[in-house]
Amino acid sequence: MSPTTSKPRILTGDTPTSTGLHLGHYVGSLENRLHLQDEYDCYFLIANVHAFTTLMDKPDQIRANTIGIVKDWLAVGLDPDRSTFVLQSEVPAIAELTFFFAMLLPFNKVMRNPTLKTEIETKGLGDSYPFGFPMYAVGQCADILAFRPELVPVGEDQEAHIEMCRDVAAKFNQMYCGVGNRVPPEEHVKAGGLFPVPKAKIGRVARLAGTDGVNKMSKSLGNAIFLYDSEKEVQKKLNKITVQADPATGLVPQSHALLQYCDAFLPKERAAAIRAEYAGGKDVMHGHVKAELGAAINALLAPMRERRATLEGEIGDAKVAEVIRRGTSKANAVAEETLYLAKKALKVDFGARRLSF
Ligand code: TRP
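Below, the structure is looked at part by part. All values reported here derive from a predicted model rather than from experimental measurement.

**Description of the site of the ligand**
Then comes step 1: As a matter of local geometry, the ligand sits amid 14 residues, with Gly13, Thr15, Gln140, Asp143 and Gln158 nearest to it.
Then comes step 2: Between the ligand and the protein, one listed contact pairs a nitrogen atom with a side-chain N or O atom of Gln140 at 2.9 Å.
Then comes step 3: Residue Gln158 places a side-chain N or O atom 3.1 Å away from a nitrogen atom belonging to the ligand.
Then comes step 4: In isolation the ligand has 360 Å² of accessible area, and contact with the protein removes 88% of it.
Then comes step 5: Of all the secondary-structure elements, those providing two or more residues to the shell around the ligand are strand 1 (9–14), helix 7 (132–145) and strand 4 (151–154).
Then comes step 6: Residue contributions to the shell around the ligand peak at 4 residues, all from helix 7.
Then comes step 7: Of the residues in the shell around the ligand, the class split is 7 nonpolar, 6 polar and 1 charged.

Below, the structure is given as structure tokens:
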């Protein structure tokens with residue numbers, strides 16, 4: 001629980017390696033965050049230190065992306081008056097915890113982390129990535145545990161990281177807080193553990209296909225519908241989707257992007273009716289389905305586009321600076337409290353330096 005509210009805490013974050021959110025981000029994670037803002041004390045982290053793992057030579061770009069991401073969040077409806085926006089590089093407790101947590105993870109286990117392996121492949125990092133690259137996965141455990149949250153809403157691709165974070169929390173509680181090995185994860189705090197063993201919360205749609213109909217929606221694959229595409233652009237992208245029957249069955253596969261979009265953006269009954277038409281082998285009017293989807297998606301995006309437009313330029317930059325300052329200051333109070341308690345458990349609490357807690 002949070003000291004300032006009686007609500008349980010949540011932490012999640014984004015790495016500012018790019019800006020420009022798309023529908024995949026929305027249904028995979030952002031929508032979840034929007035709903036959780038009422039019931040939870042939410043912390044949203046901009047992982048700008050992690051951005052240096054792949055863009056270390058581009059600090060200007062990281063800075064611009066950081067501002068862009070916060071604008072994206074505001075435009076989508078994340079609300080800095082209800083939730084806390086945190087800038088990772090200004091929370092020293094995260095860096096301090098990272099080193100201690102690195103002792104709780106076997107090196108080879110980190111290197112086998114499937115999320116890291118996939119990233120090394122898809123980003124073409126080969127074997128020349130810096131030491132700090134795999135280190136970010138340990139850092140992510142500290143991002144999370146510094147806030148002692150119960151839930152971590154993330155996309156499916158982050159599950160391995162949350163699993164590692166659960167390992168670290170459990171090990172810390174067992175090694176330094178006297179929690180027995182048989183205590184189930186959900187009872188660690190009750191048994192004297194400092195860290196709740198947090199759970200991942202995966203979005204409504206784990207993987208949304210892109211407009212190429214096959215691959216996961218992604219900026220780099222050029223198959224994304226962005227949250228700030230114009231109405232016309234959205235419809236144009238939908239119209240270009242090719243819908244072909246599988247020659248073996250004569251049917252449009254139920255996994256097709258268009259049908260995924262029906263599930264994601266149309267009312268349930270309507271999506272089911274369209275799916276049934278395709279499954280029945282009828283000559284469905286794709287154009288009509290695309291128009292219906294275009295209208296639904298544009299209705300969803302209209303308020304986001306409007307809000308994003310008010311955040312352009314210096315006025316928006318000033319707003320971003322203000323929410324980062326305010327949020328990070330509040331976040332540091334929580335993270336320093338965690339650090340204080342962790343140092344006590346680690347028996348390194350000599351009071352040699354005053355924490356702001
Ligand atoms: N690694 C996450 C991503 O690429 C971003 C992130 C950093 C994060 N720290 C976090 C997500 C802590 C959840 C919790 O999407």
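Here the narrative resumes.
**Side note on helix 12 (residues 286–309)**
Then comes step 1: An ideal rise of 1.5 Å per residue puts 34 Å on 24 residues; helix 12 measures up with 32 Å between its terminal C-alpha atoms.
Then comes step 2: Listed as buried for helix 12 are Val289, Lys290, Leu293, Gly294, Ile297, Asn298, Leu301, Met304, Arg305 and Arg308.
Then comes step 3: Turning to helix 12, the residues buried within the fold contact helix 1 (23–39), helix 3 (59–76), helix 9 (231–239), helix 10 (257–265) and helix 11 (268–279).

**Comments concerning a negative patch on the surface**
Then comes step 1: On the surface, Glu156, Asp157, Glu159 and Glu163 cluster together to form a negatively charged patch.
Then comes step 2: With respect to the secondary-structure elements, Asp157 resides in the loop between strand 4 and helix 8 (159–176).

**Observations regarding helix 1**
Then comes step 1: For helix 1, spanning 17 residues, the distance from its first C-alpha to its last is 24 Å, which sits close to the expected 24 Å at 1.5 Å a residue.
Then comes step 2: Bending of helix 1 peaks at approximately 45° at the position of Ser29.

Parameters at a glance
Residues numbered from 1 in each chain as written. Predicted model: local features only at pLDDT ≥ 70, side-chain atom pairs only at ≥ 80, totals over all residues. Heavy atoms only, no water. Near = heavy atom within 4 Å. Polar contact = N/O pair within 3.5 Å; in protein donor to acceptor, adjacent residues only side chain to side chain. Areas by Shrake-Rupley, 256 points an atom, 1.4 Å probe, with all protein chains shown as cover. Helix = DSSP H or I, 4+ residues; strand = E, 2+ residues; numbered from the N terminus. Nonpolar A, V, L, I, M, F, W, Y, C, P; charged D, E, K, R; others polar. Expected span 1.5 Å × (residues − 1). Buried < 20%, exposed > 50% of the residue type's maximum accessible area, 1.4 Å probe, protein only. Contact = heavy atoms within 4.5 Å. Patch = residues over 30% accessible without salt bridge, like charges linked within 9 Å, V, L, I, M, F, W, Y side chains within 5 Å. Salt bridge = Lys/Arg side-chain N within 4 Å of Asp/Glu carboxyl O. Lys, Arg positive; Asp, Glu negative; His and termini not counted. Charge placed at Lys NZ, Arg CZ, Asp CG, Glu CD. Bend = angle between axes of the 7 residues up to and from the residue.

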